[in-house]
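Chains, contacts and geometry: an overview
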Amino acid sequence: MGTKQGDHREDDNPMGEESRNHEDVLNGTVPIFTAKNQSSCGDQSESDYFNPVPITQDDDPQANGVTGWNNDRISFSTPRKFSNDALYHVMGKHIEECPEQFIPKSFASAREQMEVQIPLEEVAGAGVVNPETGETLSKYEQLLKVPALKKTWTSAMCKELGRLAQGFGDTQGTDTIRFMTIDEIKEIPKNKTVTYARIVVDYRPQKEDPNRVRITVGGNLINYDGELTTRTADLVTSKILWNSTLSTPGARYMCADVKNFYLCTPMDDPEYMKMKIELFPEEIIEQYGLREKVYKGFVWIKIIRTMYGLPQAGILSNKLLRKRLAKDGYFELPHTPGLWKHVCRPVWFTLVVDDFGVKYVGEENAKHLMTSLRKHYEVEEDWTGGLYCGIGLNWNYDQGFVDTNMKKYTLKNLRKYDHEKPRKPQDCPYLPYPKKYGAAAQEVTPEDTSPPLDQEGKKFVQKVVGSFLYLARAVDSTILMALNAIANEQANPTEMTRERILQLLDYLATHPDAVVRFYKSDMILNVHSDASYLSAPRARSRAAGYFFLGSIPRDGYPIALNGAIQVICVLLKCVAASAAEAELGALFLNAKEAKIMRLTLQELGHPQPPTPIHIDNSTTVGIVNNTVKRQKSRSMEMRYFWLLDGEAQKQFRFKYHPGQEILADYPTKAHPTAHHRMIRPLYLHTKTSPRFLLRARKPSERRGCVDKLDSTYVRTLRKYSPIVHLPTLAQQQRQLAPPAG
């Protein structure tokens, strides 16, 4: 009997034993081996260079997209010395472990797609991993049934209850809740609804105490008559502030987190909730005498300060913070919610709930803000500015860029839905419909006629869309179009919708680490606008916009690329009667977004010229610039003609550019796999991402002999365009040269 590959120890050395010959290898009694750390660089000795390592069952060939082993050993009768699976596995391990200088350029992309290994406890999003079964547990009651976890999470529950109440051990209480006696329960006002409590558990390795238990209030049963809207910063404001930090001389960025922000604001009108006595740890029951206060199997709780889940918690806590910071000279800017500054110090910050993202010039000015906060709150500081609202920030001030990523977010959610990495890499997030040519190209997209999903399948679709929408808006814009198309079907999903969801998950599992890089710039807002006519079912058109900060574009010169601060992808509510009307509708939506961004930039101290908006439809440009006589265009949607006022007021500058250099074209429609592979480095940062967008020739320049045009436009000969095919270094250098004359 031959020994299985997984039965060999890592210290086995088949090359060092003379008794093991070629026939033993073929019979499967000797493990296939690879060379470990095959590099002569560094401190490696010659013996280390040729140190063979057996491939065991731990070295899963499927991790690199290789199919599974056919059997445990190589048959003696096969004419091959090694199976294809073994050969692919050896090649994959070599690419993964070999130093970068020895990797062929053609294999570089394969190395980037290697699956990132993350500790099991860090992958479990919205829950805790059972060390015995690997199952993700998201409920406190489930954790209590696991002996290995019960003590840890019971202790975490004691800390949470002590923090909410009057303390427990070393945990200081906030006097947010009070446990009611039976007599006090009878005095609860009749107009008050006693709501329920929801216990949320999670493992947060970046926190000082990673085992997190939070008790939230069932806010859906609370009736509050006051104002509930809280002004908080959005993602666009945060991204603009990051760009402003890079583009301001001497500026730096730091983050701060206010602890117990929702647990410190008194309420004039208390609320009430109840919890089962079985959920309370014995230590809390004894300290607070809860057995004497049990009524109908529940412990009744009076909430006297703001708490998680209360609908009024946000606005009350925000108002108190505003009042406290005003005493030290901090105020919120009038036109940008969540953006604050000091009356005289060079300090600006965005506020999202209790997370502060601070831009400052001079460390003493940032410390002034921290001192103001510490007067009333307990504050955690991160002077590296490495994490804000779940988005990782890798700052490089010397070279003038910052990389934003959510490296673990995708893997956490993939594990949440038990979705494994596909054996074959998936580079297309959404399968396009078959391409039509000629007159058929204007036909509407056919509707989905596959069977509808049941209620469980419908919830699955909605959960996936909701989970990855934040990722798409924050970092990975390549999945926006797919999410937009699926979201419009989630009310009545079908089997085809499920297939598209699974394809999207395969794409995310293949590309889990999206990175967007922002560079320092002149802080001039640039907008690319586009629309795809009748590309969605039911004769609808899709609009898209690409917003980034750079310089004023000049004809004949390449456009300096930068990470997108906003990418929009929506369906037009009005059915467009022509491609020009669809482009006009997309332009209207993008101009509205641009006007808000102009206000934010101006309040940050970056005055804006007329915002350049690039459009690839000459009819639309003629309408908004009032250079064509409007006849049939008068029947278009009335609101669209607001754009003429924006152009007359010098807020926007509309200009035609060939579709080859319109970055908003990508999110408007589904593309084939080859296009996604080519286009990804333009929207996400990779080693092959270009720094400039080369300019394309206009169709009007195709006069006379085609030979006078360079390779930028001659598709039939070179198939080269600035967007679809990334330029080589030589092509970039030729295009970067100033135009003659």
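The structure displayed is predicted, hence computed values, not measured ones.

1. Quick look at the overall build of the protein
When helices and strands are tallied, the protein shows 22 helices and 27 strands. Per-residue burial over the protein gives 48% buried out of 741 residues. Of all intrachain contacts in the protein linking residues separated by at least 6 positions in sequence, the fraction that spans at least 24 positions is 71%.

2. Remarks on unusual backbone geometry
The phi angle at aspartate 175 is positive, at roughly 55°, despite the residue not being glycine. Here aspartate 175 is to be found in the loop between helix 7 (147-164) and strand 5 (177-179). With relative accessibility at 22%, the residue aspartate 175 sits in the partly exposed group.

3. Comments concerning the packing of aromatic side chains
One pass over the full model with this rule turns up 21 aromatic pairs. Site record: aromatic cluster; members linked through ring pairs are Phe588, Tyr640, Trp642, Phe652 and Phe654. Above the plane of the ring of tyrosine 397 lies arginine 252, whose end atom (NZ or CZ) is 4.1 Å from the centre. The aromatic ring of tryptophan 348 is capped on one face by lysine 359, whose charged end is 4.4 Å from the ring centroid.

4. Considerations on the pairing of strand 14 (residues 347-352)
Among the six residues that make up strand 14, six are buried, leaving the element largely enclosed by the rest of the structure. Burial along strand 14 is two-sided: the face carrying Val347, Phe349 and Leu351 and the face carrying Trp348, Thr350 and Val352 are both buried. Hairpin connection of strand 13 (residues 339-342) to strand 14: four residues between the antiparallel strands. Here six bridges tie strand 14 to strand 15 (residues 355-361), and the two strands are oriented antiparallel to one another. Bridged to phenylalanine 349 within strand 15 is valine 358. As consecutive antiparallel partners, strand 14 and strand 15 are separated by two residues, and within that stretch valine 353 has a phi angle of approximately 60°, a positive value.

5. Here's the deal with the packing of helix 15 (residues 480-487) against helix 16 (residues 495-510)
The geometry of a pair of packed helices is captured by two quantities: the angle between their axes and the separation between those axes. Two elements in contact, helix 15 and helix 16, have axes whose closest approach is 11 Å; the angle formed by their N-to-C orientations is 160°. In terms of orientation, helix 15 lies roughly antiparallel with respect to helix 16. Between helix 15 and helix 16 the crossing geometry is left-handed. Across the interface between the two elements, Ala482, Leu483 and Ile486 from helix 15 touch Thr497, Arg500, Ile501 and Leu504 from helix 16. Class assignment for the residues of the contact of helix 15 with helix 16 results in five nonpolar, one polar and one charged.

6. Topic: the environment of valine 236
Take valine 236: it is sitting in helix 9 (residues 235-247). Between the alpha carbons of valine 236 and methionine 597 there is a distance of 8.0 Å; along the sequence they are 361 residues apart.

7. Some thoughts on the packing of helix 14 (residues 455-474) against helix 15
Relative to each other, helix 14 and helix 15 sit at 150°, their axes nearing to 10 Å. The angle between the axes of helix 14 and helix 15 places the two elements in the roughly antiparallel class. Crossing handedness for the pair helix 14 and helix 15: left-handed. Residues Val461, Val465, Phe468, Leu469 and Ala472 of helix 14 pack against Leu480, Leu483, Ile486 and Ala487 of helix 15.

8. Brief notes about the sheet that holds strand 19 (residues 401-405)
Each strand in a sheet pairs with another by means of backbone hydrogen bonds, the pair being arranged parallel or else antiparallel. Sheet architecture is open: four strands sit in the order 17-18-19-20, paired in antiparallel fashion. With partners counted over all chains shown, the strands left at the sheet margins are strand 17 (387-388) and strand 20 (515-519), one partner each. Bridging between strand 17 and strand 18 (residues 391-396) involves two bridges; their strand directions are antiparallel. Along strand 18, the bridge assignment pairs leucine 387 with glycine 392.

9. Side note on helix 12 (residues 363-374)
Helix length check: helix 12 (twelve residues) gives 16 Å between terminal C-alpha atoms against 16 Å at 1.5 Å per residue, within 8%. Three or more residues of helix 12 are buried, namely Asn365, Ala366, Leu369, Met370, Ser372 and Leu373. Seen from one end, helix 12 has its buried residues packed into an arc of 160°, which puts them on one side.

10. Remarks on the sheet that holds strand 12 (residues 330-332)
Read from one edge of the open sheet, six strands run 12-13-14-15-8-16, paired in antiparallel fashion. Strands with a single pairing partner mark the edges of an open sheet, and in this sheet they are strand 12 and strand 16 (378-382). Geometrically, the sheet is characterised by an average inter-axis angle of 25° between neighbouring strands, direction not taken into account. Against the sheet, helix 12 engages strand 8 (251-259), strand 12, strand 13, strand 14, strand 15 and strand 16, with an angle of about 150° to strand 15.

11. Digging into the environment of isoleucine 565
Mapped onto the secondary structure, isoleucine 565 falls in strand 24 (residues 564-571). According to the relative accessible area criterion, isoleucine 565 is buried, its value standing at 1%. Placed 16 residues apart in sequence, isoleucine 565 and leucine 549 show a C-alpha to C-alpha distance of 7.6 Å.

12. Some words on the environment of arginine 634
Locating arginine 634 in the fold gives a position in the loop between helix 18 (618-624) and helix 19 (642-648). Sequence separation between arginine 634 and isoleucine 623 is eleven residues, and the spatial gap between their C-alpha atoms is 9.9 Å.

13. Considerations on the nonpolar core
Counting 92 residues, the largest nonpolar core has Phe468, Ile479 and Leu525 as its most contacted members. It is helix 17 (residues 579-603) that contributes the most residues to this core, eight residues altogether. Those residues in contact with phenylalanine 468 that sit more than four places away from it in its chain are Thr410, Asn413, Leu414, Tyr417, Ile479, Leu483, Leu505 and Leu508. The next biggest cluster of nonpolar side chains, apart from the first, holds 60 residues, and it includes Val201, Tyr262, Leu310 and Leu321.

14. So, the confidence of the model for the protein
Taken over all residues, the pLDDT of the protein has a mean of 80, while the share at 70 or more is 76%. Here residues 705-722 is modelled with pLDDT under 50, and outside its nearest four sequence neighbours on either side it reaches 40 contacts, counting other chains as well.

Thresholds applied
Residues numbered from 1 in each chain as written. Predicted model: local features only at pLDDT ≥ 70, side-chain atom pairs only at ≥ 80, totals over all residues. Heavy atoms only, no water. Helix = DSSP H or I, 4+ residues; strand = E, 2+ residues; numbered from the N terminus. Buried < 20%, exposed > 50% of the residue type's maximum accessible area, 1.4 Å probe, protein only. Contact = heavy atoms within 4.5 Å. Phe/Tyr/Trp six-rings, centres within 6.5 Å; stacked < 30°, edge-to-face > 60°. Lys NZ or Arg CZ within 6 Å of the ring centre and 35° of its normal. Pairing = 2+ DSSP bridges. Axes fitted to C-alpha atoms, helices over the stretch in contact; angles between N-to-C directions. Parallel < 35°, antiparallel > 145°, perpendicular 65-115°, else oblique. Left-handed = near helix turned anticlockwise from the far one by under 90°. Nonpolar A, V, L, I, M, F, W, Y, C, P; charged D, E, K, R; others polar. Expected span 1.5 Å × (residues − 1). Arc of directions from axis to C-beta. Core = buried A, V, L, I, M, F, W, Y, C linked by side-chain atoms within 4.5 Å. pLDDT = per-residue confidence, 0-100.

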